[in-house]
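Inside the fold
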Amino acid sequence: MKLCITSVGKTLDSGVDPRFGRCAYFIIYDTDKDTFESVENSSRQAMGGAGIQAGQLVVSKNVDAVITGNFGPNAFRVLQASKAKLYSFVSGTIKEAIEKYKNGQLTEVSAPNVQSHYGMGKKGGQQ
């Protein structure tokens, strides 16, 4: 099974990035092989559509599940269409997120949990 975890860095010791569309990296972790690759999120600086572009990148990696802090509506739609399971994990390392996933301790997300443009640094619930 392949997991995608949003990350602030390139290793399993990096912290989970709470933003999906504007995270720095995606860690693609293969639970069967215990291997991973880090993928730079080239859409994080996009003026608009970062969630959609990031979602399309993740879908192209054929992941079975996505772990991040927050899913905006556009990213959520793209990922949901791929049939990947979506999970929320806000604080901790990539290793911790993987362990919590393996132990069934993550909450599955069934709807977007932030508004559009959340990761752009705006105030008032749209940070």
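Provided above is the structure to which this section pertains.
Read on for an overview of the structure. This is a predicted model, so every value here is computed, not measured.

So, about the overall build of the chain. Regarding its fold elements, the chain presents three helices and six strands. Its helices and strands taken in sequence order, the chain reads β-β-β-α-β-α-β-α-β from the N to the C terminus. Out of the 127 residues belonging to the chain, those deemed buried represent 43%. Taking as baseline every contact in the chain between residues at least 6 positions apart, the subset at least 24 positions apart corresponds to 48%.

Moving on: the side chain of T6. The residue T6 is located in strand β1 (residues 2-7) in this model. Reaching out from T6, the side chain makes a polar contact with the backbone oxygen of D17 at a distance of 2.5 Å. At a separation of 2.7 Å, a polar atom in the side chain of T6 contacts the side chain of T68. In this structure, T6 is in contact with G15, V16, D17, R19, F20, C23, Y25, F26, I67, T68, G69 and I94, ignoring residues within four places of it in sequence.

Strand order across the open sheet formed by six strands is β3-β2-β1-β4-β5-β6, with mixed pairing between neighbours. Two strands lie at the open edges of the sheet, namely β3 (35-40) and β6 (107-108), each paired on one side alone. As defined by bridge partners, strand β4 (residues 65-68) adjoins strand β5 (residues 85-88) across four bridges and the pair is classed as parallel. Considered in β5, the bridge of I67 is made with Y87. Lying on the sheet, helix α3 (residues 94-102) is in contact with β1, β2 (25-30), β4 and β5; it crosses β1 at an angle near 140 degrees.

Buried residues of α3: I94, A97, I98 and Y101, and no others. Burial along α3 is one-sided: seen end-on, the buried residues are contained in an arc of 100 degrees. At the exit of α3 stands G104, carrying a positive phi of roughly 70 degrees.

Tallied over the full model, the rule gives four salt bridges. Note that K95 and D13 form a salt bridge whose closest N and O atoms lie 3.0 Å from each other. In this pair, K95 is assigned in helix α3 and D13 in the loop between β1 and β2, connecting sequence segments 82 residues apart. In this structure K95 comes out as partly exposed when scored by relative accessible area, which is 42%.

Rules used throughout
- Residues numbered from 1 in each chain as written.
- Predicted model: local features only at pLDDT ≥ 70, side-chain atom pairs only at ≥ 80, totals over all residues.
- Heavy atoms only, no water.
- Helix = DSSP H or I, 4+ residues; strand = E, 2+ residues; numbered from the N terminus.
- Buried < 20%, exposed > 50% of the residue type's maximum accessible area, 1.4 Å probe, protein only.
- Contact = heavy atoms within 4.5 Å.
- Polar contact = N/O pair within 3.5 Å; in protein donor to acceptor, adjacent residues only side chain to side chain.
- Pairing = 2+ DSSP bridges.
- Axes fitted to C-alpha atoms, helices over the stretch in contact; angles between N-to-C directions.
- Arc of directions from axis to C-beta.
- Salt bridge = Lys/Arg side-chain N within 4 Å of Asp/Glu carboxyl O.

Function cannot be read off these values alone, since they describe shape.
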